[in-house]
Amino acid sequence: MYVILLGLPGAGKGTQAALLKNETGLAHVTTGELFRENIRLGTALGKKAQPFVESGRLVPDEITIGMLLDRISQPDCARGCMLDGFPRNLEQARALDEALAGDGKRIDRAIYISVATGKLVRRLSGRWSCPNCGAVYNEISLPPKTPGVCDNCGFQLEQRKDDRPDAVRTRLEVNLKNLEPLLDYYRAQGKLCEAPGEGDVEDVTRAVRACLEGEH
Ligand code: AMP
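Here the residue numbers are simple positions, counted from 1 along each chain's written sequence. Side-chain atom pairs in this predicted model are given and counted only at pLDDT of 80 or more, local residue features only at pLDDT of at least 70, and totals for whole chains, interfaces and linings cover all residues. Computation of side-chain values covers all heavy atoms of the structure but excludes hydrogens and water.

Draft legend 1. How the structure looks around empty space enclosed by the protein. Definitions used throughout: a 1 Å grid over protein atoms alone; a cavity as a set of points that fits a 1.4 Å probe which cannot get out; a pocket as an open set with protein on both sides within 12 Å along at least five of seven lines; a lining residue as one with an atom within 4 Å of a point. Grid points are joined across faces, edges and corners, and a volume is the space filled by probe spheres set on the points. Throughout the structure, instances matching the rule amount to 1 cavity of 30 Å³ or more. Taken together, 13 residues form the lining of the largest cavity, with Gly7, Pro87, Arg88, Asn175 and Leu182 sitting closest to its centre. For the purposes of this entry, the term helix denotes a DSSP run of H or I that reaches at least four residues, the term strand denotes a run of E that reaches at least two, and both are numbered from the N terminus. Mapped onto the lining of the largest cavity, the elements with two or more residues apiece are strand 1 (2-6) and helix 7 (165-188). Here the lining of the largest cavity gets 4 residues from one element, more than from any other, and that element is helix 7. Of the residues contributing to the lining of the largest cavity, the split by class is 7 nonpolar, 4 polar and 2 charged. The classification used treats Ala, Val, Leu, Ile, Met, Phe, Trp, Tyr, Cys and Pro as nonpolar, Asp, Glu, Lys and Arg as charged, and all other residues, Gly among them, as polar.

So this is what it looks like as structure tokens:
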């Protein structure tokens, strides 16, 4: 099963994919995390992506699409995966469909986690991530057990550079512009399901699960 999670930055795509990973057995593939890992490791791809990621702009398609297709060709994605953060525009959506079709596969479902834009700025500025294991917390909705410390691995939590106000504004603008065409694209294919994303984390999980189980 190949599932796409759509939604603006801060809507909860990563949180839900991480929570549903064990239940569904689907690998969680997140382009944002792949870029951050490459930046941390100082790879050639990371060096190219860094200025875009840190300022909140989209990394060019010629870098992003290749990286994503390479990732989903790994063995843990052979039976499917949950894509978080990709596609971010129609070019990426089409490239993904073409690549999957070449392997006799297809996207089964696109789940849109909807949250009003006004709520996202506050959510993003309260977000803290673990630089070691990638776990994500929120000061209000999902605090770590000990403030500032990762529950999973004990590392000191950090605020992402692109969760700072300037970059947050850019990210929301860029993603707002691209979201509607993507929703239309998957709606036209009969694959879109909306999961309201403003409730408690558990409520959102239930809504995403209902979408996965085929309830529109
Ligand atoms: P995210 O963690 O999904 O918010 O992504 C963080 C940053 O990585 C974005 O602001 C972009 O700079 C970059 N990025 C992630 N996914 C994509 C994508 N599909 N296309 C282009 N850039 C991306």
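Draft legend 2. Unusual backbone geometry, seen in detail. Looking along the chain, the bond that leaves Phe86 and enters Pro87 is cis, with omega of -5°. When you line up the elements, Pro87 lands in the loop between strand 3 (81-84) and helix 5 (90-102).

Draft legend 3. Local environment of the environment of Ala11. Along the chain, Ala11 falls in the loop between strand 1 and helix 1 (13-24). Sequence-wise, Ala11 and Ala116 are 105 residues apart; in three dimensions their C-alpha atoms are separated by 8.8 Å.

Draft legend 4. Structural context of the state of the cysteines. Here, a disulfide means two cysteine sulfur atoms that sit within 2.5 Å of each other. Under the criterion given, the structure shown has 1 disulfide. Here Cys193 pairs with Cys211 through a disulfide, and the sulfurs are 2.1 Å apart. Disulfide Cys193-Cys211: torsion about the S-S bond near -75°, hence left-handed. With a gap of 18 residues between them, Cys193 in strand 7 (residues 192-196) and Cys211 in helix 8 (residues 201-212) connect regions that are remote in the sequence. Among the residues examined, Cys193 registers a relative accessible area of 3% and is labelled buried. Only protein chains enter the accessibility calculation, which uses a 1.4 Å probe. A residue is then buried if its area is under 20% of the maximum for its type, exposed if over 50%, and partly exposed in between.

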